[in-house]
Amino acid sequence: FSIPESRILILSDIHVPYHDIAAIELALDHYEFDCILINGDFLDFHRLSRFVSEPESVSFGNEIAIGRAFLEVLHSRYGVPIYYKLGNHEERLQDYMFSKAPEVAATSFWRLDELLELETVGATLIDDKRRILAGGLTILHGHELAHGMFGPVNPARGVYMKAGVSCLVGHHHRTSEHSGMTLDGSLVSCWSTGALCQLSMNYNPYPQSNHGFAFAEIEGDQYHVFNHRIFGGKVY
């Protein structure tokens, strides 16, 4: 999937309804952009997880309603194209339907483009395993490369070792960067972005995570990535 716009705001791991509004506002206000890429795990789907659900967690229906309202605000406030790439948490919905209701899964009413009414907010759905190209930059959510990475200390280096091309991912909830030269003298750079959700959860109270987002400027095959941390109410 190729993104045609040249100034791309990249927001990963929002995890509605566990999103951090203050961090999201900082990310949205930092640049002027032509489009927004929601790079996976926009919704959390806690109730559909194979793990034990917390009894006070938000219901599936309310989570969809909050997600739809979030997208409506983005659409009305900024009026730019929204690209929504699915992540591993969105896979929870698909896995649930395939395992619990395989006959119903053959229909389309439960799919996220229908549930979130994406067409009404100018949003385009991108499948979870589909590679995104922005100029010469590859963008993935990150779970596509996760097998065999074993949670590297530097997620960007793990991506570098697996992808072999310049690539930006979310998924790890950590801001990192790694670059290296190929034998033919080409520069390969990889980035992982921070999250825009609550960093401390009951199942993981002391995470090695940070808030963050990225911005990419594209000109032909050239690209410039600005990968930001958010800390203490400021963008770094």
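Because the structure is predicted, anything quoted here is derived from the model rather than measured.

K.L.:
Summarise the sheet that holds strand 12 (residues 234–235); cite the residues concerned and give the values.
P.N.:
Reading across the sheet, the seven strands line up as 4-3-2-1-10-11-12 and stay open at both edges, with mixed pairing between neighbours. The strands lining the two open edges of the sheet, one partner per strand, are strand 4 (123–126) and strand 12. One ladder, built from four bridges, connects strand 1 (residues 7–11) with strand 2 (residues 35–39); its direction is parallel. When the sheet's bridge partners are listed, I8 is paired in strand 2 with C35. The sheet contacts of helix 1 (residues 21–29) involve strand 1, strand 2, strand 10 (211–219), strand 11 (222–231) and strand 12, and relative to strand 1 the element is tilted by about 170°.

K.L.:
Explain the pattern of salt bridges residue by residue, including any values.
P.N.:
Side-chain pairs of opposite charge can arise where the charged atoms are in close proximity. On inspection of all chains with the given rule, the structure shows eight salt bridges. Across the pair K85 and E144 runs a salt bridge whose closest N-O atoms are separated by 3.0 Å. Remark: E144 occurs in the loop between strand 6 (137–139) and helix 6 (155–163) and K85 occurs in strand 3 (residues 82–85); sequence separation between them is 59 residues. Among the residues examined, E144 registers a relative accessible area of 18% and is labelled buried. In this structure, the salt-bridge partner of D128 is K129, at a minimum N-O distance of 2.9 Å. A relative accessible area of 12% means that D128 is categorised as buried. A relative accessible area of 52% means that K129 is categorised as exposed. Salt bridges linked by common partners bring R7, E32 and D34 together as one network.

K.L.:
Go over unusual backbone geometry with me, naming the residues and quoting the values.
P.N.:
With an omega of 10°, the peptide bond running from V16 to P17 counts as cis. Summarising the element assignment, P17 is placed in the loop between strand 1 and helix 1. With a phi close to 55°, F45 is a non-glycine residue in the positive phi region. Relative to the helices and strands, F45 resides in the loop between strand 2 and helix 2 (60–78).

K.L.:
So what about the sheet that holds strand 6? Which residues, and what values?
P.N.:
Pairing in this open sheet of five strands is mixed, and the strands run 5-6-7-9-8 from one edge to the other. Both edges of this open sheet fall to strand 5 (132–134) and strand 8 (176–181), since each of them pairs with a single strand only. On average, each strand axis in the sheet is inclined to that of its neighbour by 20°, with strand direction left out of account. Pairing geometry for strand 7 (residues 167–169) and strand 9 (residues 187–192), over three bridges, is parallel. Bridge pairing links C167 to C190 in strand 9. Across the sheet, helix 6 lies against strand 7, strand 8 and strand 9, angled at about 40° from strand 8, the strand it touches most.

K.L.:
Outline the nonpolar core, supporting the account with residue identities and numerical values.
P.N.:
Core analysis: the biggest nonpolar cluster contains 37 residues, and L11, I14, I38, F42, L43, Y84 and L112 have the highest contact counts within it. Breaking this core down by element, the ones donating at least two residues are strand 1, helix 1, strand 2, helix 2, strand 3, helix 3 (91–100), helix 5 (112–115) and strand 10. Leaving out residues up to four positions away in the same chain, L43 has contacts with H15, V16, E63, I64, G67, Y84, H89, E90, L112 and L116. Formed by 17 residues, the second largest nonpolar core is a distinct cluster that contains I8, C35, I126 and A216.

The rules behind these values
Residues numbered from 1 in each chain as written. Predicted model: local features only at pLDDT ≥ 70, side-chain atom pairs only at ≥ 80, totals over all residues. Heavy atoms only, no water. Pairing = 2+ DSSP bridges. Helix = DSSP H or I, 4+ residues; strand = E, 2+ residues; numbered from the N terminus. Contact = heavy atoms within 4.5 Å. Axes fitted to C-alpha atoms, helices over the stretch in contact; angles between N-to-C directions. Salt bridge = Lys/Arg side-chain N within 4 Å of Asp/Glu carboxyl O. Buried < 20%, exposed > 50% of the residue type's maximum accessible area, 1.4 Å probe, protein only. Core = buried A, V, L, I, M, F, W, Y, C linked by side-chain atoms within 4.5 Å.

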